[in-house]
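Structural features, examined
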Amino acid sequence: MTSPFVRRRRLAEELRALREAKGMTAEALSQLIYHSRTKVSRLENAHIRPDLAEVMKILDILDVTGEKWNEVVRIARDAAERGWWDSYGDAMGARQRLYADVESGASTIREYNPTAMPGILQTPEFTWALVELTRAEGQLDYVPERAIEARLHRQRAVLDPHGPHYEVILDEVVIRRLGVPPQVLRVQLRHLVATVEAHPRVRVLVLPMDTRIEGTLLPAAGFTLFTFRDLADPPMALVNTVNTDLVHTESDDVARYTRRYDHLRHAALSPIKSLALLAETADKIAENQAGARP
């Protein structure tokens, strides 16, 4: 399906542009549709799910007709859709719900992860280990069982034969320093290798700790780049911060992150060498575990 989140942002841009072309303020529009100025602002900033009847009323007030009217109504209809993730509510975590939404309409997904194992490729055991680490820092803002169930749903959607092309650049620090139990990490690394080998549309590249990144600043955080099946939906960059994800659709912003991704990709190991390193690391963990047994 088309991502409702992406379409809400596109609808917001369309409505704002149509209103401004008419020379009308948001305040004036709110009075004509008998809603608050805040309601119009939230709609024009993609902060709410649109009501199709209200969008039609706005278009009529702005004298929008013909094919443009049909186009905006189609966008609004997509923006109002609900996906499987909505049935989870906040139980799956607000951030994961955002990614599930955006992934649903993606054509390509390219991800740089400097500190975390990508959720789409995690085993349930690895996710549970992360839950325990998170729980040690304070109260969880999601329900672990539901969050893991939703993550498996995301994985099935992305790894489907008709799903998007998915590539992740994984910093070597992730497989060296994560504080999950060794046996869990060992199984996770082997799972990465097996998943790539079983899915031609999936690629994992490892960025070595001792490599130099030439020609760009080091990214301050992980980020994900999306393109969509409908070329009218602009490419998107989601930047992961401690508390939230920043959404970028402006062409200059997305281009900046795309350039950084390209530099990181150039510095990363080849696909074959990356899988070899993951397998070697898993074997080393197994050897260390065997040597530690009495």
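Residues numbered from 1 in each chain as written. Predicted model: local features only at pLDDT ≥ 70, side-chain atom pairs only at ≥ 80, totals over all residues. Heavy atoms only, no water.

**A few points about unusual backbone geometry**
Within the chain, Y34 stands out as a residue other than glycine whose phi angle is a positive 60 degrees. Tracing the chain through its elements places Y34 in the loop between α2 (26-32) and α3 (37-44). Phi at A46 is positive, roughly 60 degrees, even though this residue is not glycine. By secondary structure assignment, the location of A46 is in the loop between α3 and α4 (52-61). Judged by relative accessible area, A46 falls into the buried class, the value being 13%. (Helix = DSSP H or I, 4+ residues; strand = E, 2+ residues; numbered from the N terminus. Buried < 20%, exposed > 50% of the residue type's maximum accessible area, 1.4 Å probe, protein only.)

**Re the packing of aromatic side chains**
Scanning the entire structure with this criterion turns up six aromatic pairs. Cluster of aromatic residues (ring-pair linked, three or more members): Y112, F223, Y257 and Y261. (Phe/Tyr/Trp six-rings, centres within 6.5 Å; stacked < 30°, edge-to-face > 60°.)

**Quick word on the pattern of salt bridges**
Per the counting criterion, the structure on display carries 25 salt bridges. In this structure, K39 engages E54 in a salt bridge whose closest nitrogen and oxygen atoms are separated by 3.1 Å. Pair noted here: K39 is in helix α3 and E54 is in helix α4, with a separation of 15 residues, a long-range link. Relative accessible area serves as the criterion here: at 25%, K39 is assigned to the partly exposed category. The partner of R190 in a salt bridge is D283, and the shortest N-O contact between them spans 3.0 Å. In this pair, R190 is assigned in helix α10 (residues 182-198) and D283 in helix α12 (residues 271-292), connecting sequence segments 93 residues apart. (Salt bridge = Lys/Arg side-chain N within 4 Å of Asp/Glu carboxyl O.)

**Brief notes about the nonpolar core**
V102, M117, L189, F226 and L278 are the most contacted members of the largest nonpolar core, which has 39 residues in total. In terms of residue count, the dominant contributor to this core is α10 (six residues). Those residues within four positions of V102 in sequence are excluded, and the remaining contacts are S3, F5, V6, F226, F228, M236 and L238. In this structure, I33, L43, I58 and L59 belong to the second largest nonpolar core, which totals 20 residues. (Core = buried A, V, L, I, M, F, W, Y, C linked by side-chain atoms within 4.5 Å. Contact = heavy atoms within 4.5 Å.)

**So, the sheet that holds strand β6 (residues 245-248)**
Read across the sheet, six strands follow the order β3-β2-β1-β4-β5-β6 without closing on themselves; strand pairing throughout is mixed. For this open sheet the edge positions go to β3 (202-207) and β6, each flanked by a neighbour on one side alone. Here the average twist between neighbouring strands, direction ignored, is 15 degrees. Sheet topology places strand β1 (residues 106-113) next to strand β4 (residues 223-228); six bridges connect them, and they run antiparallel. Residue pairing across strands places E111 opposite T224, the latter belonging to β4. Contacts from helix α1 (residues 4-21) reach β4, β5 (236-240) and β6, with the element oriented near 115 degrees to β5. (Pairing = 2+ DSSP bridges. Axes fitted to C-alpha atoms, helices over the stretch in contact; angles between N-to-C directions.)

**A few points about α1**
In a regular helix each residue adds 1.5 Å, so 18 residues correspond to 26 Å; α1 covers 25 Å between its end C-alpha atoms and thus fits that length. Every buried residue of α1 is accounted for by P4, F5, V6, R7, R8, R10, L11, A12, E14, L15, L18 and R19. Two residues or fewer past α1, G23 is found with a positive phi of approximately 75 degrees. (Expected span 1.5 Å × (residues − 1).)

**Describing the packing of helix α7 (residues 124-137) against helix α8 (residues 144-159)**
Contact geometry for α7 and α8: axes closest at 11 Å, N-to-C directions at 140 degrees. The chirality of how α7 crosses α8 is right-handed. Counted together, P124, T127, W128, V131 and R135 of α7 and P144, E145, I148, R151 and L152 of α8 form the full contact between these two elements. Residues that form the contact of α7 with α8 fall into these classes: six nonpolar, one polar and three charged. (Left-handed = near helix turned anticlockwise from the far one by under 90°. Nonpolar A, V, L, I, M, F, W, Y, C, P; charged D, E, K, R; others polar.)

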